[in-house]
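As a plain string of letters, each chain reads:
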Amino acid sequence: MRLTRYFLPVLKETPAEAQIVSHRLMLRAGMIKQASAGIYSWLPMGFKVLRKLENIIHQEQIRAGHIPIQMPIIQSADLWRESGRYDAYGAEMLRIKDRHDRDVLFTPTAEELVTDIFRSHVGSYKDLPLTLYQIQWKFRDEVRPRFGVMRGREFYMKDGYNFDLTKEDALHAYNRHLVSYLRTYERMGLQAIPMRADSGPIGGDDTHEFLVLAETGESEVFYDSQVTDLTFGDRDIDYDDRAQCQAVLDEFTSLYARTDETHDEALFNAIPADRRRVARGIEVGQIFYFGTKYSESMGATVADAQGNNVPVHMGSHGIGVSRLIGAIIEASHDENGIIWPEGVTPFHCGIVNLKQGDAEADAACDAIYKSLTALGLEPLYDDRNERAGGKFATMDLIGLPWRITVGPRGLKNGVVELTSRRTGESQELPPEQAVAKIHEIYQNL
Ligand code: P5A
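Caption draft 1: Quick peek at the overall build of the protein chain. Looking only at helices and strands, one finds 14 helices and 23 strands in the protein chain. The C-alpha atoms of the protein chain give a radius of gyration of 24 Å, which matches the 22 Å a tight globule of 445 residues would have. In terms of overall dimensions, the protein chain has C-alpha extents of about 80 × 60 × 40 Å along its principal axes. Evaluated residue by residue, the protein chain yields a buried proportion of 53% over its 445 residues. Taking the intrachain contacts of the protein chain between residues at least 6 apart in sequence as the baseline, contacts between residues at least 24 apart amount to 71%. For the protein chain, the exposed area adds up to about 19500 Å²; of that, 47% sits on carbon and sulfur atoms.

Dropping the structure here:
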């Protein structure tokens, strides 16, 4: 993409209404625009990152054997009356009347709707296990929407639902989700720690939240510092292998790590003092096992091997897709702007032309642009007629992990400059080698 043909409305001034760094940077980098309280338009670069996160989530869900669907945003209140949650959900649910005076609502989550799909089409244990998921907009009329996309009213969520014959099977689904979430967050360049949590209005006993440690996080968390040493890495997990999935869960949850609702002072104090940590975290996902809570109230049963009709065991699992963008920026920025992890960056590499209009510099930039594109990479070429300082400031603000700087002086010696956004380190290379280096970095992802 050429910057002169793109739509990147960066702001010079720091917006006064934004209290935390990720919100400020998303506004300044022209990623989002507030439409009303807690509701945002996604401008091209913000939308691009959202799509990247979505892609990673789809790949990891499908790898775990889960099946994508799409459910509607507007749902009938009747289904929610069946589960008893229409009244129980409270003021966070946006309730609407249609022209026939029927009660409908904007989905805050979709346990009821997916249970209705299940009970309409599945009748035998032979069709289990089944996990359906979607990535869809949600609405929760939060009392205090704040921090930009972090606590929105309208927000994007991956929500998945498992249906299993037995509790044991459903707990395997729970473990599968834990493993797939660990992989997902790591691919996004994030460390998200599973912590024992409270289930709130979703219900159930077993639940873990995934938290990214950050000073601006809304949740207080308590943990053993050793949990931050755990990494998932490149493990080759067989998602059907129960023992393997259980072992990952045990490894990642045996050390103390809890949100404040489930915090236990006595257990916490049993950790050696130098490892005890009290910090703040951003909740980027949550998984639940709630057994037959919805299947019993809504009649989602299957015939088991003996022909008895039994309610299925269920769980649900969510990832805060739009919130994740804020969390990634909170975890990865400096005083000049965002630093995108390679896995989620909106463009793979920036190209800065130091002397727009200089025939040689223009030709070199065009050649680099073409080579990167031919390799399947997406460069953002700053071809504006602007001072070098302004171009560097924009590149630093929008945070592309790599920058190739092209100028007449370097070209005389046959080189361009390749700079890492994270370390600030630069090296001079012939243009083809700079392109090859970028290619190699993204191939190894
Ligand atoms: C699990 C999927 C659920 O709703 N039902 C379907 C379950 N879980 S949850 O924890 O309530 O939400 C899942 C994730 O969504 C993000 N999230 C939000 N993001 C931005 N703004 C909000 N107001 C908001 N509320 C929830 C969180 O990341 C949460 O973990």
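Now that the structure has been shown, we can carry on.
Caption draft 2: Highlighting the pattern of salt bridges. Across all of its chains, the model carries 27 salt bridges by this definition. Note that Arg85 is salt-bridged to Glu112, the shortest N-O span being 2.8 Å. Linking Arg85 in helix α4 (residues 85-88) with Glu112 in helix α5 (residues 111-121), this pair joins segments that are 27 residues apart in sequence. Using a relative accessible area of 0% as the deciding quantity, one classes Glu112 as buried. Taken together, the salt bridges that share partners define one network made up of Glu60, Arg63, Arg183 and Arg187.

Caption draft 3: Expanded view of the nonpolar core. Residues Met31, Leu53, Tyr185, Phe210, Val284, Ile325 and Trp340 are the most contacted members of the largest nonpolar core, which totals 69 residues. Among the elements that take part in this core, helix α6 (residues 167-187) stands out by supplying seven residues, more than any other. Among the nonpolar cores identified, the runner-up in size contains 27 residues, and Trp80, Tyr86, Leu105 and Val312 belong to it.

Caption draft 4: The arrangement of the site of the ligand in detail. For the ligand, the set of nearby residues contains 23 residues, the closest of which are Glu111, Arg140, Glu142, Gly152 and Glu283. Here a nitrogen atom of the ligand sits 3.5 Å away from a polar atom, N or O, in the main chain of Met150. Take Gly285: an N or O atom from its main chain is 3.4 Å from an oxygen atom of the ligand. For the ligand, the protein covers 96% of the area, taking 590 Å² as the surface of the free molecule. Counting residues per element, the shell around the ligand draws most heavily on strand β13 (residues 276-291), which supplies five residues. Class assignment for the residues of the shell around the ligand results in eight nonpolar, eight polar and seven charged.

Cut-offs used in this document
Residues numbered from 1 in each chain as written. Predicted model: local features only at pLDDT ≥ 70, side-chain atom pairs only at ≥ 80, totals over all residues. Heavy atoms only, no water. Helix = DSSP H or I, 4+ residues; strand = E, 2+ residues; numbered from the N terminus. Rg over C-alpha atoms; globule rule 2.2 N^0.38 Å. Buried < 20%, exposed > 50% of the residue type's maximum accessible area, 1.4 Å probe, protein only. Contact = heavy atoms within 4.5 Å. Areas by Shrake-Rupley, 256 points an atom, 1.4 Å probe, with all protein chains shown as cover. Salt bridge = Lys/Arg side-chain N within 4 Å of Asp/Glu carboxyl O. Core = buried A, V, L, I, M, F, W, Y, C linked by side-chain atoms within 4.5 Å. Near = heavy atom within 4 Å. Polar contact = N/O pair within 3.5 Å; in protein donor to acceptor, adjacent residues only side chain to side chain. Nonpolar A, V, L, I, M, F, W, Y, C, P; charged D, E, K, R; others polar.

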